Amino acid sequence: MKPNIDFYKPNRKFFIISVWGVFLIILIAQIFWLGWEVERLKTTIEQHEKNIEINNQSIDGLQNYILEQIRKEHDSKFI
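Definitions and limits used
Residues numbered from 1 in each chain as written. Predicted model: local features only at pLDDT ≥ 70, side-chain atom pairs only at ≥ 80, totals over all residues. Heavy atoms only, no water. Helix = DSSP H or I, 4+ residues; strand = E, 2+ residues; numbered from the N terminus. Buried < 20%, exposed > 50% of the residue type's maximum accessible area, 1.4 Å probe, protein only. Areas by Shrake-Rupley, 256 points an atom, 1.4 Å probe, with all protein chains shown as cover. Patch = residues over 30% accessible without salt bridge, like charges linked within 9 Å, V, L, I, M, F, W, Y side chains within 5 Å. Salt bridge = Lys/Arg side-chain N within 4 Å of Asp/Glu carboxyl O. Phe/Tyr/Trp six-rings, centres within 6.5 Å; stacked < 30°, edge-to-face > 60°.

### Notes on the overall build of the protein chain
- Counting secondary structure elements, the protein chain contains 1 helix and 0 strands.
- Counting all 79 residues of the protein chain, 1% fall into the buried class.
- Accessible surface computed for the protein chain: about 8300 Å², of which carbon and sulfur atoms make up 65%.

Below, the structure written as structure tokens:
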């Protein structure tokens with residue numbers, strides 16, 4: 001004699017909906033993570049552009065100073 005016990009039988013429709021739900025949640029999380037990474041990269045690029053501009057200004061200043069010193073030295077030789 002078999003006992004009359006009903007075991008839980010997974011519903012195929014419920015299983016497919018659950019898998020799609022998990023997939024969509026992971027997809028949405030990745031989209032938000034990607035947006036956060038893009039913002040972080042934009043900030044980093046802006047900081048690097050500012051540093052490049054400052055470095056260019058410093059190089060221009062040093063070049064002008066060196067040229068001025070060379071001119072002074074050149075002028076003093078002919079006096």
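### So, a nonpolar patch on the surface
- A contiguous nonpolar patch, built from F15, I16, V19, W20, F23, L24, L27, I28, I31 and F32 and spanning about 1000 Å² of accessible area, is present on the exposed surface.
- Positionally, V19 belongs in helix α1 (residues 12-77).

### Observations regarding the pattern of salt bridges
- Tallying each qualifying case throughout the model produces 3 salt bridges.
- E37 is the partner of R40 in a salt bridge, and the nearest nitrogen-oxygen pair spans 3.6 Å. Here the residue R40 and the residue E37 both occupy positions in helix α1, the gap between them amounting to 3 residues, near one helical turn.
- A relative accessible area of 18% places E37 in the buried class.

### Structural notes on the packing of aromatic side chains
- For the structure shown, the criterion picks out 1 aromatic pair.
- With a centroid separation of 5.6 Å and 90 degrees between ring planes, the pair formed by W20 and F23 is classed as edge-to-face. Note that W20 and F23 are positioned in helix α1 at a spacing of 3 residues, about one turn of the helix.
- Given a relative accessible area of 52%, W20 falls into the exposed group.

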